[in-house]
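Next come the chains, spelled out residue by residue.
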Amino acid sequence: MEGLEREGKSKKLKLPVIASGLLITILTTTLYISDIEFLRLIDNRLYDLCIKIVFTSNSNIESLNDNGKENSKKSYTSAIVDIDEYSLRTFGQWPWSRYHIAKLLHKIDDAGAASVGIDILFSEPDRTSLIEIQKALKNEFNIDVTFSNLPASASDSNIDPLKLMDNDIFLAQAINQTSSTLGYYFNFNSNSLESRKQNFEYNNNSLSYLAPLSTNLVFESGSKPSDIFGYLFKAVDAISPISVLSNKETNTGFMNTLADSDGFLRRTPLFISWNETIYPQLALSTLLNSNDESHKINFSNPTIKISSNGVEAIKFNNTSIHLDRKGSILLNYRGPAYTFPYISAGKILENDFRKEDLKGKIIFLGSSAAGLKDIRMSPLDHNFPGVEVHATIVDNIIKGDFILKPDWTSALEVLLTILCGIVATFSIGWAGAWLILILTISLSTIIFTATVWGVITNHIWVSPLFPLLALMLNFSILNLVKYGLSEKDKKFYRSAFSHYVSKSVVNQIIESPETFNLEGEEKEITIFFSDIRNFTSISETLSPSQVSRLLHNYFTPVTRMIIDHKGTLDKFIGDAIMCFWNAPINIENHKELALNAAMKILKTLEELSISFEKEYGVKIKTGIGLHSGICRVGNMGSAELFDYTAIGDHVNITSRLEGLTKFYGVDIIFSENMIPNKVENILVQYVDRVRVKGKTEPLNIYTAHSVKTNDDFSTSTIQIELENIKIELEQYHHAIEQYKNRDFKGAFEIFSELDETKRGRKKLYSIYKKRAWEFMNDPPDKRWDRVFNHSSK
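Only a predicted model underlies this, so the values are computations on that prediction, with no experimental measurement involved.

**Student:** Could you clarify how one ought to interpret the overall build of the chain in this entry?
**Tutor:** Looking only at helices and strands, the chain has 25 helices and 26 strands in total. Residue burial in the chain is summarised as follows: out of 793 residues, 46% are buried. Restricting the contact set of the chain to residue pairs at least 6 apart, pairs at least 24 apart contribute 77%.

**Student:** Would you mind showing me how to read the packing of aromatic side chains here?
**Tutor:** Note on aromatic pairs: each is described by the distance of the centres and the angle between the planes. One pass over the structure, following the stated rule, counts 32 aromatic pairs. Measuring from centroid to centroid gives 5.4 Å for Tyr-554 and Phe-555, while their planes differ by 50 degrees, and the two rings are tilted. Grouping residues by exposure puts Tyr-554 and Phe-555 together as buried. Relative to Tyr-702, the ring of Phe-670 lies with its centre 6.4 Å away and its plane at 20 degrees, an arrangement referred to as stacked. With Phe-670 in strand S23 (residues 668-671) and Tyr-702 in strand S25 (residues 699-706), this pair connects stretches of sequence that are 32 residues apart. You'll find Phe-670 and Tyr-702 in the same group, each marked buried. Above the face of the Tyr-86 ring, Lys-347 is positioned so that its terminal group lies 4.5 Å from the ring centre.

**Student:** For this particular structure, what's the right way to read the nonpolar core?
**Tutor:** Most often, soluble globular proteins keep nonpolar side chains buried together rather than apart. In terms of nonpolar packing, the biggest core is built from 66 residues, with Phe-528, Tyr-554, Leu-626, Tyr-664, Ile-668, Ile-701 and Tyr-732 touching the most fellow members. At 12 residues, the largest contribution of residues to this core is made by helix H21 (residues 590-616). Residues in contact with Tyr-664, not counting those within four places in the same chain, are Ile-669, Val-687, Asp-688, Val-690, Ile-701, Lys-763, Leu-764, Ile-767, Arg-771, Phe-788 and His-790. Residues Ile-278, Ile-362, Ala-391 and Leu-465 belong to the second largest nonpolar core, which totals 56 residues.

**Student:** For this particular structure, what's the right way to read unusual backbone geometry?
**Tutor:** Note on backbone geometry: most residues besides glycine have negative phi, and most peptide bonds are trans. Following Trp-94, the chain continues into Pro-95 via a peptide bond in cis, with omega recorded as 5 degrees. Mapping Pro-95 onto the fold places it in the loop between helix H3 (85-91) and helix H4 (98-110). For Tyr-338, which is not a glycine, the phi torsion comes out positive at approximately 65 degrees. Here Tyr-338 lies in the loop between strand S13 (328-330) and strand S14 (342-344). The phi dihedral of Asn-582 falls on the positive side, at around 80 degrees, and the residue is not glycine. We classify Asn-582 as buried; its relative accessible area is 9%.

Procedures and definitions
- Residues numbered from 1 in each chain as written.
- Predicted model: local features only at pLDDT ≥ 70, side-chain atom pairs only at ≥ 80, totals over all residues.
- Heavy atoms only, no water.
- Helix = DSSP H or I, 4+ residues; strand = E, 2+ residues; numbered from the N terminus.
- Buried < 20%, exposed > 50% of the residue type's maximum accessible area, 1.4 Å probe, protein only.
- Contact = heavy atoms within 4.5 Å.
- Phe/Tyr/Trp six-rings, centres within 6.5 Å; stacked < 30°, edge-to-face > 60°.
- Lys NZ or Arg CZ within 6 Å of the ring centre and 35° of its normal.
- Core = buried A, V, L, I, M, F, W, Y, C linked by side-chain atoms within 4.5 Å.

Here it is as structure tokens:
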């Protein structure tokens, strides 16, 4: 009979678990289809981790193959000609005269480079050209200048006289005489297009010719020619080189590399559409312009394959590059920054280089100099030179080892997600907790290892995110379901008891029942009192149900912040709240935590007050008092009814401090022993030296100002606000010193100025202004102790 009963309970337990597991699996699959940005971000980070592991693994394999040999070099099809710090020191600051670039292109071409991609935008004329100097002198000073002793014609010299007058013509001829490809930028912001149309640069550069991609389009069933422009990234404007440089004889390519939403560059488009025309990326265009046949790939007559799902691939005669639906390639990075060979542009101009470093290679001209280099974030390096991205693209295409994500990988990912969900569901339904944990970890390890193996061996990326998510969600949620079902009675009593005392007290009682007694202990705690100002008047304008809802909406976020900052909620007293820190368990830095909680509560109440005004027609302001001292903390009451609370003199002082906030017109007042050693974005302001009602010992009291965080405003706005508050507090504290030193006239002048300009703390400054005025006319005697006695609570 007992066996049947246990079996019945087991079935009762398994059926909800299995049903919940299947539902979680369906929801996980739905999340995959929904393509949520947050999950895509996690997927990208998993991809980055995989790429790092693959790179490390490949590096280790190469080290073993080298058998410890030194100076072993990788073979790359691309290289970087770098306008580095040495080049700038030797040939002058950037921008260089264009004839330097022209000479550089000729020297690279003479060294036998297959082609050159120029990762530099020449969108303005060279200002060092003689013709530009003539124009500048005429425009600025109305001076006509001519240059003499120039060759009268090309027959007088090997140098065309037009080149001597205009460096851009010199560079244009060099580009067309060598296998060079000129870069330009596509713009995707329509607003900037309108602004650029207003300036001369746009009108001038609009005459530039940008070479489209010469390609054939192959359409599968269900697609038509116009579809491709809906799939590709669509530019609204091109920031192009000046028309002298870019004409119909010039090979060009866009330099854009479009990063993912998190700023990392994992993929980049090989072509972009503009004005219903397809344009190639700089790396692709440079490769197509190559005059070297050693790469064993015929790059002529590329073909773009398009299906109803988008772009599929770009094909050359003997190779095919798989692309995503927008025409982008997944980059197979060779390593961190400066993996490819770098040759100094200055050294080339000085003929101090090895021609074999350039011979047969696709060269990209860029810069690594400070202030000039274009930085990207790659999975292997957060400071990756943009020019090296182009080299990576070319190396991937020539070697054919780019990372693939074929269409069938999506179906495989869905299938793995469903299988993992089903396996996890039935395993959790029948197995114990430890076995489930081992199984989940083992399956997760196998899935991720298989993903890495797929990239290493076949260069295919199959995302492990959703299979892992199915495992983890099922493991975590279903175990919670099992725990909830098996611990139902215990959870009921625990939940009921938690309505009367704080959860931390409940946990302590359950973990250490022997500590649960009425006597308690004496220890230092930080006490917090808050009270809604003028609540009686507010409640008179509202119905009882409205008052109840308002208090609920007020207490909920306040208590959440107290608990989040490790505080113990003591009690609600009408509209007031009492809580404390450092009991029942010891809390490190409890004073700072209490002050931080108070400041965040005040910030939250600013937002709450706006919503209360809309819903109830009232605004609320809260006063907060904070103080720390030795109190008796424990269960107070009778054997039948008790309350975990704190009592003692310091509790009464805290209550008095809260009452003083209204008198001084500040939101928070705390005692001297609460001044934090270091709390970010909080500035402390002295308020007064007082005797609260019923006390003979005076104490110094303070208030605090919270500076807005980066979540609210920009860094510059925060800095300005911080400096303004600091200046205000310096003025104020200087006036306080004058006041204490009996310089009432000097203090009166500063307090008057603050009273007129600083509306936020007007009442405090008005109080001191009044005191200083009274003491100016009737100075206190020598027994004046600078203490203000408060006779009311």
